[in-house]
Amino acid sequence: MMTLAKELAYGDRHDATNPFQWDRVVLNLPGSEHYEPRLPWVFKLRKDGTVASEAYIYVDDNRVTAATKIQAWWAARRLASFLSRLGLQDAARKRTSPSQIPGPWAGSVAHTQEGVFLLVTPEKWQKTKDLVSEVAAMLSDSTDGKLDRKRLEQIRGFLIYVSRTYPWMPPYLKGLHLTIDGWRPGRDEEGFKLKEGVRRKRPYIAWEWELEDLVDLTPEEFAKRMGCEGPDRVFPVERLRRDIDALTQLLSGEAPSVTTVRSGSYFSFYLMGDASGKGFGSAYWDQSDLYWESGHYGPKMQEESSNFREADNLVRRLEKMEKEGILVEKEIFVFTDNSTFEGTFYKGHSTSEKICDIILRLRLVQQRTGCVLRVTHVAGTRMKEAGIDGLSRGDLLEGMLSGGDGPWRFLPLSEGADTRAGGSVVPWVRSWWGTDSATSWCQAPLKVLTPTDWFSLKDVVGPRLWVPPPGSHAYGVGDVQRGSDSQTSFAPCVCCSSLDDRHVEEATF
């Protein structure tokens, strides 16, 4: 309800007296010639050239952002007035003066001087460290090998709250989840659900910790276990120990760690790396220069898996950049054709303990430097076209290393599917959708959405076609979904490319 009230409070965007007025939408996307990391990827501009005011909702609370203090007061007044008119109480006594270093809100402290940064209060940081230490003590001091499940649930709840501020935390909470719910039927010794095929053949299967084996329960035992609230004490899964060790390292600092949401720098770094056979190669570049390195592995390294060598190659390059002091509060895009590396980075876990250790090294680099780290999977063919595959084999005359228009042409994050296909995607969709109300799907012609339409979907009647650049997905998918809520008979048609996958996953439907 608050989200709908906010949209109504925004009012007419063309009204010059409206504090939420805006004139156009700007796409500031990575990979484009004029990309600036200090600005949002997608934002609205007022007619006077300043960033438009916005309101953000957290449950029943709200905060307003604006380009100046006067605009912030103006927008806050309109929002409060409109909410009061709808019967939603606004306590004026709780309103604070506009600031770039405000106090805590929604679990985080946000600073917007020379960039956008998030952190927690010193008290909350210390409590987080104490709770992680408590779990470590529970693991080492338990006499029966079990842990207090209720206490673990309390600790998990607080850590989830803190993880809203620190994106490197959620992957290392999985061990807690698996330990707390590992007693349930249909799970294996690591706490994960068994495959559907196994559960279909053995519907009453469960892991028995005392027997250290899977057993078949009777229907009555299964129903009793499913209906109970769970045991008071549970056995920890092996992953919990590794996760607690990782969190202990990540939380080792005395002062609260700072998460860089948006860098204050005028340029970003882009890194690509690959390992082929006995060699390795990587290259990173910024707005003006490209830096590469390649070499051959020794006999011991050659015995490692390709996943390990490719992951280690990228992380070693990032650790080297950290030592050079160039990653502090910078934004860096890491491109890899190794899906295991990307998946482990976001999930925090792999079946290979060595890969897990490499990812922890990467997370520690992120935590120490405060850099904005964006890991993206690309196709192996794109790695070859960029010349990185050849670089790992000692070839310095392919792709971006051969000169030309610059490295960005190999990573078109700022171009949508229609642009990259030479304008053929939209005509193709229209060819099977239809062009008039009588023959079209949904008995209505298709509207191709522009960036301006993303923020005014209530004014777009009928089916919509969205063909966005990959970099804009995290901003636009939620807007498209909210627009569909207002017209439930129509659904958006989205044309994506392989570069879009991670951004679609990160967006909220």
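This text goes with the structure placed above it.
Our subject in this report is the structure included herewith.

Points about the side chain of Glu 208
Along the polypeptide, Glu 208 turns up in strand E8 (residues 205–208). Using a relative accessible area of 17% as the deciding quantity, one classes Glu 208 as buried. For Glu 208, the residues in contact, after removing those within four places along its chain, are Asp 213, Val 215, Leu 217 and Arg 225.

With respect to a nonpolar patch on the surface
The grouping of Leu 4, Leu 8 and Leu 86 at the surface amounts to a nonpolar patch, some 290 Å² of accessible area in total. With respect to the helices and strands, the residue Leu 86 is situated in the loop between helix H2 (69–85) and strand E5 (109–111).

A few points about the nonpolar core
Judged by nonpolar contacts, the single largest core of 62 residues is most densely connected at Leu 318, Ile 332, Val 334, Phe 341 and Leu 373. In this view, Leu 318 contacts Leu 271, Leu 327, Ile 332, Val 334, Leu 362, Val 365 and Leu 373; residues no more than four positions away in its chain are not counted. Within the second largest apolar cluster, 28 residues are counted, among which are Trp 22, Phe 335, Phe 410 and Leu 411.

Description of the pattern of salt bridges
Using the criterion set out here, one finds 22 salt bridges in the structure. For Arg 156, the salt bridge goes to Asp 181, with nearest N and O atoms at 4.0 Å. Within this pair, whereas Arg 156 is found in helix H4 (residues 149–163), its partner Asp 181 is found in helix H5 (residues 174–181), the two being separated by 25 residues in sequence. Residue Arg 156 shares its accessibility class with Asp 181, and that shared class is buried. One salt-bridge network, held together by shared partners, links Asp 312, Arg 316, Glu 319 and Arg 361.

With respect to the environment of Pro 256
Looking at where Pro 256 falls in the secondary structure, it is placed in the loop between helix H8 (238–250) and strand E11 (259–262). Between the alpha carbons of Pro 256 and Leu 119 there is a distance of 6.4 Å; along the sequence they are 137 residues apart. Setting aside residues up to four positions removed in sequence, Pro 256 forms contacts with Leu 119, Val 120, Thr 121, Pro 122, Trp 125 and Tyr 166.

Things to note about the sheet that holds E11
Taken together, the three strands give an open sheet; going across it, the order is E5-E6-E11, and neighbouring strands pair in antiparallel fashion. Among the strands making up the open sheet, the edge pair consists of E5 and E11. Across the sheet, the mean angle separating the axes of adjacent strands is 25 degrees when strand polarity is ignored. Where strand E6 (residues 116–119) meets E11, three bridges bridge the pair, whose relative direction is antiparallel. Residue pairing across strands places Phe 117 opposite Thr 260, the latter belonging to E11.

Considering the environment of Lys 347
Within the element layout of this structure, Lys 347 appears in helix H11 (residues 339–347). Residue Lys 347 is classed as exposed on the basis of its relative accessible area, which comes to 60%. For Lys 347 and Asn 307, which are 40 residues apart along the polypeptide, the C-alpha to C-alpha distance reads 16 Å. When near neighbours in sequence (up to four residues on either side) are disregarded, Lys 347 contacts Pro 171 and Arg 239.

A look at unusual backbone geometry
With a phi close to 55 degrees, Glu 114 is a non-glycine residue in the positive phi region. Structurally, Glu 114 is set in the loop between E5 and E6.

Conventions adopted
- Residues numbered from 1 in each chain as written.
- Predicted model: local features only at pLDDT ≥ 70, side-chain atom pairs only at ≥ 80, totals over all residues.
- Heavy atoms only, no water.
- Helix = DSSP H or I, 4+ residues; strand = E, 2+ residues; numbered from the N terminus.
- Buried < 20%, exposed > 50% of the residue type's maximum accessible area, 1.4 Å probe, protein only.
- Contact = heavy atoms within 4.5 Å.
- Patch = residues over 30% accessible without salt bridge, like charges linked within 9 Å, V, L, I, M, F, W, Y side chains within 5 Å.
- Areas by Shrake-Rupley, 256 points an atom, 1.4 Å probe, with all protein chains shown as cover.
- Salt bridge = Lys/Arg side-chain N within 4 Å of Asp/Glu carboxyl O.
- Core = buried A, V, L, I, M, F, W, Y, C linked by side-chain atoms within 4.5 Å.
- Pairing = 2+ DSSP bridges.
- Axes fitted to C-alpha atoms, helices over the stretch in contact; angles between N-to-C directions.

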